[in-house]
Amino acid sequence: MANDQGTAIPDAPAGDLPAAAPLPHDGVRRRDFIHIAAVSAAGIGGLAVVYPLISQMGASADVLAESSTEIDISAIQPGQAIKAVWRKQPVFLRNLTPQEIAKADAVDITTLRDPATLAERTTAGKKNWLITMGVCTHLGCVPLGAGAGEIKGEFGGYFCPCHGSVYDTAARIRKGPAPKNLEVPLHSFTSDTIVKIG
Ligand code: FES
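Residues numbered from 1 in each chain as written. Predicted model: local features only at pLDDT ≥ 70, side-chain atom pairs only at ≥ 80, totals over all residues. Heavy atoms only, no water.

A. Main features of the state of the cysteines. Enumeration over the complete set of coordinates arrives at one disulfide. What pairs with Cys 141 in a disulfide is Cys 162, and their sulfur atoms sit 1.9 Å apart. In this structure the cystine formed by Cys 141 and Cys 162 twists about its S-S bond by roughly -95°; its chirality is therefore left-handed. Of this pair, Cys 141 sits in the loop between β4 (129–133) and β5 (156–159) while Cys 162 is found in the loop between β5 and β6 (166–168), placing the two residues 21 residues apart along the sequence. (Disulfide = S-S within 2.5 Å. Helix = DSSP H or I, 4+ residues; strand = E, 2+ residues; numbered from the N terminus.)

Okay, structure coming up:
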């Protein structure tokens, strides 16, 4: 290649691209400003979204207070039950009679939909205290059977009026659509008359 005077101008090395024409100074500054402003706005928006999420991750005082609850069971006579509330859900605390214990123990658990013995669902040495969630494992209705005069169903435990699930005296599912036994929540006896749930 030659210029107007015929002087040879060396070819640019292969791969070198012509330099881009610089943008006017004001244009660069304006573009930078718009970019920075956009990033800043995104940052503020991000903070606004993240803060409530972070603040919700910390358990509030009332939730912490409900993480466990202690219940006095001294007034529950054999054959009776009470309903308590734990984590905003019903819990049944039932004092089984010797007959109800015998009935539960007589079942061949291999025939059960959700096999478990009464002993596995109660505390050692306190087999008469059946403590379960009062939440049907089908669709979450509260079964009948813990309140005075409520029907207990044909297996003598609990009966769910929503779709007819029937639980036995160990609160095991025996009939109807519920797939599992009533759940036994984590619990312990802090004394002979106080149960701590949770
Ligand atoms: S919710 Fe209990 S049987 Fe459906």
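B. The arrangement of the sheet that holds strand β2 (residues 81–86) in detail. The sheet built from three strands is open, its strands ordered β2-β3-β4 with antiparallel pairing. Two strands in the sheet have a free side with no partner beyond their single neighbour: β2 and β4. The average angle at which neighbouring strand axes cross in this sheet is 20°, direction not considered. Two elements, β2 and strand β3 (residues 89–95), share six bridges in a ladder whose sense is antiparallel. Along β3, the bridge assignment pairs Lys 83 with Phe 92. (Pairing = 2+ DSSP bridges. Axes fitted to C-alpha atoms, helices over the stretch in contact; angles between N-to-C directions.)

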